[in-house]
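Here is how the chains run, residue by residue.
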Amino acid sequence: MGYSKGLLSITLSLCLLAFATAEDPYHFFEWHVTYGTIAPLGVPQQGILINNQFPGPEINCTSNNNIVVNVFNHLDEPFILTWAGIQQRKNSWQDGTPGTMCPILPGANYTYHFQVKDQIGSYIYFPTTALHRASGGIGMLKVHSRELIPVPFDTPAAEYSVLIGDWYKKGHKALKRILDAGRSIGKPDGIQINGKSSKVGDAAAQPLVTMEPGKTYRLRVCNVGLRLSVNFRLQGHTLKLVEMEGSHTVQNVYDSLDIHVGQCMSVLVTANQTPQDYYFVASSRFFKQVLSSVAIIRYANGRGPASPQLPPPPPENTNGIAWSMNQFRSFRWNLTASAARPNPQGSYHYGKINITRTIKIVNSHQLVDGKLRFAINGVSHVDKETPLKLAEYFKVADKVFTYDLVKDEPEQGDKFVIAPSVKNATFRNFVEIIFENHEKTIQTWHLDGYSFFGVAIEPGRWSPEKRKNYNLLDAISRHTIQVYPGSWAAVMTTLDNAGMWNLRSDMWERTYLGQQLYFSVLSPELSLRDEYNIQPGQEVCGIVKGLPRVAQYI
């Protein structure tokens, strides 16, 4: 398919610029978003395809590469893609959330341009508009280390992307109508693995992975579901964890791994068993009805089907939470490995930095006028026609939102406010964020624009005395954190990336109905050193449409 004239012009301009300034390499993509028939649970339904693919096309790039994606929206609804975990340094304009950019209208296109600056690892992209994520538009974004940067394991024979997660048979429009009516979308219908689901003994199942005996392979596994944590395991084989959300890990070996909504990790699998088929198993966690799916791992020239005896799942209920919490504690940052830069990961001593601000976040749900809403500290976010970042940039924020409705500590009482939620943050402050979960369901949180150190997860309520239990040496730098029922989690990060950044639940029902906020992180310098200018071709909408552009940063 040929490039449009607009993309060709952008391509030539960027190539000339790269040549003149010796910029990092560029990767160009043209994506067409359409409806099409998919059957993740074996039942045909309408899905969202990118270039006729579900899951969507894979982006393969290297640290510091520039990514240019021209997205054509052929749907009948506005559409936005986000690049979860890509930090968009100085560039929240491209973050792909309703609070930072205008949607791509039906029949229109938009060109994303961002750099995977100082990052490596496994990430996903997905739609943030409406309930589109429930029907597809999801895919993998892989960022490899530069050739001169050593990787702490031998190059695998091959690597495979594995996108797993819960799935609903209802389409995104039906699910959205349920939420708009004030009801929960309820339990998922099954688990999909790379857009398919199979049962033991399914003769029509195609292999997910093909391995040659004696060789080692890398599986990049991400949970792209809407609601459920998932455990994955591989019949007859162990899993060596080597990377999690952009960080090299201490290489512990596991029989199975819990992966929560929005999370990604890489494992190495060695083909050291009898050559035949084996089952890759994905099953739900912390849910009354166990949902599961299998996929075939095939040995080249192997003989014999996979055994119907599947590896058992971890325990459930209270014992299962303790098991999963202990597994989290076993995840450690590889201090001697280099990531995107030559210096070792452990050269950044986050545990020695003084905390300048503590923000405690409590999630909740409530019926408001008979309709279900979710909230952070009693504030339930709603998107507006004018993206929050644009309102702030054009200096009309007071006409769109009020800063700091969410306080640093939850307020006492039954306060529940439905409004756009933007929290002021001080540029380069080192902050501690406490997530406290008083509900009976597990939570997963994600922060755009940053990685943070997940220093603790414990049962009960948090208090300052709990800091003595923090891992201040080798907690993993990541962008998501799970919080178990009746438990808390603590993360630490430096707010050194100017922009407007979304903190949200990764359970999309909760996100859609308000469990999110935006951090406004403004540099006092107002210069290109800290934040990029709005791009010349950036769409504007809402009350800022037609307003004169403000003075550019220099």
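This section reports on the structure supplied with the text. Predicted model, so just to flag it, every value in this text is computed and none were measured. (Residues numbered from 1 in each chain as written. Predicted model: local features only at pLDDT ≥ 70, side-chain atom pairs only at ≥ 80, totals over all residues. Heavy atoms only, no water.)

## Quick look at the overall build of the chain
From N to C terminus, the chain includes five helices and 34 strands. Relative to the 2.2 N^0.38 estimate, which gives 24 Å for 554 residues, the radius of gyration of the chain is 23 Å and therefore close to what a compact globule would have. Buried positions account for 59% of the 554 residues belonging to the chain. Expressed as a percentage of contacts within the chain between residues at least 6 apart in sequence, the contacts between residues at least 24 apart total 77%. Surface accessibility of the chain: about 22,100 Å² in total, with carbon and sulfur atoms responsible for 53%. Between the centroid of the 53 positive side chains of the chain and the centroid of its 46 negative side chains there is a distance of 3 Å. (Helix = DSSP H or I, 4+ residues; strand = E, 2+ residues; numbered from the N terminus. Rg over C-alpha atoms; globule rule 2.2 N^0.38 Å. Buried < 20%, exposed > 50% of the residue type's maximum accessible area, 1.4 Å probe, protein only. Contact = heavy atoms within 4.5 Å. Areas by Shrake-Rupley, 256 points an atom, 1.4 Å probe, with all protein chains shown as cover. Lys, Arg positive; Asp, Glu negative; His and termini not counted. Charge placed at Lys NZ, Arg CZ, Asp CG, Glu CD.)

## Regarding the pattern of salt bridges
With the rule as written, the count across this model stands at 25 salt bridges. Two residues, aspartate 496 and arginine 89, come together in a salt bridge whose shortest N-O distance is 3.5 Å. Of this pair, aspartate 496 sits in the loop between strand S32 (487–494) and strand S33 (499–505) while arginine 89 sits in the loop between strand S5 (81–84) and strand S6 (109–115), and the two are 407 residues apart along the sequence. Take aspartate 496: its relative accessible area is 32%, and that puts it in the partly exposed class. In this structure, a network of salt bridges that share partners links the residues Glu58, Lys142, Glu159 and Arg220. (Salt bridge = Lys/Arg side-chain N within 4 Å of Asp/Glu carboxyl O.)

## Considerations on the sheet that holds strand S17 (residues 256–259)
What the five strands build is an open sheet, ordered S11-S20-S19-S13-S17; its pairing is mixed. Two strands in the sheet have a free side with no partner beyond their single neighbour: strand S11 (207–211) and S17. If you compare each strand with its neighbour and ignore which way they point, the axes differ by 25° on average. Bridge count for strand S19 (residues 277–285) against strand S20 (residues 292–299) is seven bridges, and the pairing is antiparallel. Bridged to phenylalanine 280 within S20 is alanine 295. With respect to the sheet, helix H3 (residues 317–330) is in contact with strand S13 (229–234), S17 and S19, its orientation differing from that of S17 by roughly 95°. (Pairing = 2+ DSSP bridges. Axes fitted to C-alpha atoms, helices over the stretch in contact; angles between N-to-C directions.)

## Here's the deal with empty space enclosed by the protein
Inspection of every chain in the model, using the stated rule, returns two cavities of 30 Å³ or more. Each pocket or cavity is described by its volume, and for the largest cavity that value is around 60 Å³. Asp258, His260, Gln263, Ser324, Gln327, Phe328, Phe331, Arg478, Gln482 and Tyr484 together form the lining of the largest cavity. Ranked by residue count, the leading element in the lining of the largest cavity is H3, at three residues. (1 Å grid on protein atoms, 1.4 Å probe; cavity = no way out; pocket = protein on both sides within 12 Å on 5 of 7 lines; lining within 4 Å. Points joined across faces, edges and corners; volume = space filled by probe spheres on them.)

## Some thoughts on the sheet that holds strand S34 (residues 516–522)
Ordered by their spatial adjacency, six strands build an open sheet running S24-S26-S34-S33-S28-S31, and the pairing between neighbours is mixed. In this open sheet, the two edge strands, each paired with only one partner strand, are strand S24 (402–403) and strand S31 (480–483). Strand direction decides the pairing type here: S33 and S34, joined by six bridges, are antiparallel. In the sheet register, glycine 499 faces S34, and the bridge partner there is valine 521.

## With respect to the state of the cysteines
If you walk through the whole model with that rule in mind, you get two disulfides. The residue that forms a disulfide with cysteine 102 is cysteine 541, at a sulfur-sulfur distance of 2.1 Å. Taking the torsion about the sulfur-sulfur bond, which here is approximately -100°, the covalent link between cysteine 102 and cysteine 541 counts as left-handed. Within this pair, whereas cysteine 102 is found in the loop between S5 and S6, its partner cysteine 541 is found in the segment after S34, the two being separated by 439 residues in sequence. In this pair, the class of cysteine 102 matches that of cysteine 541, namely buried. Across the disulfide from cysteine 222 sits cysteine 264; the S-S distance is 2.1 Å. Here cysteine 222 and cysteine 264 share a disulfide; its torsion about the S-S bond, 115°, makes the bridge right-handed. Here cysteine 222 is found in strand S12 (residues 216–223), whereas its partner cysteine 264 is found in strand S18 (residues 264–270), with 42 residues between them in sequence. By relative accessible area, which is 1% here, cysteine 264 ends up buried. (Disulfide = S-S within 2.5 Å.)

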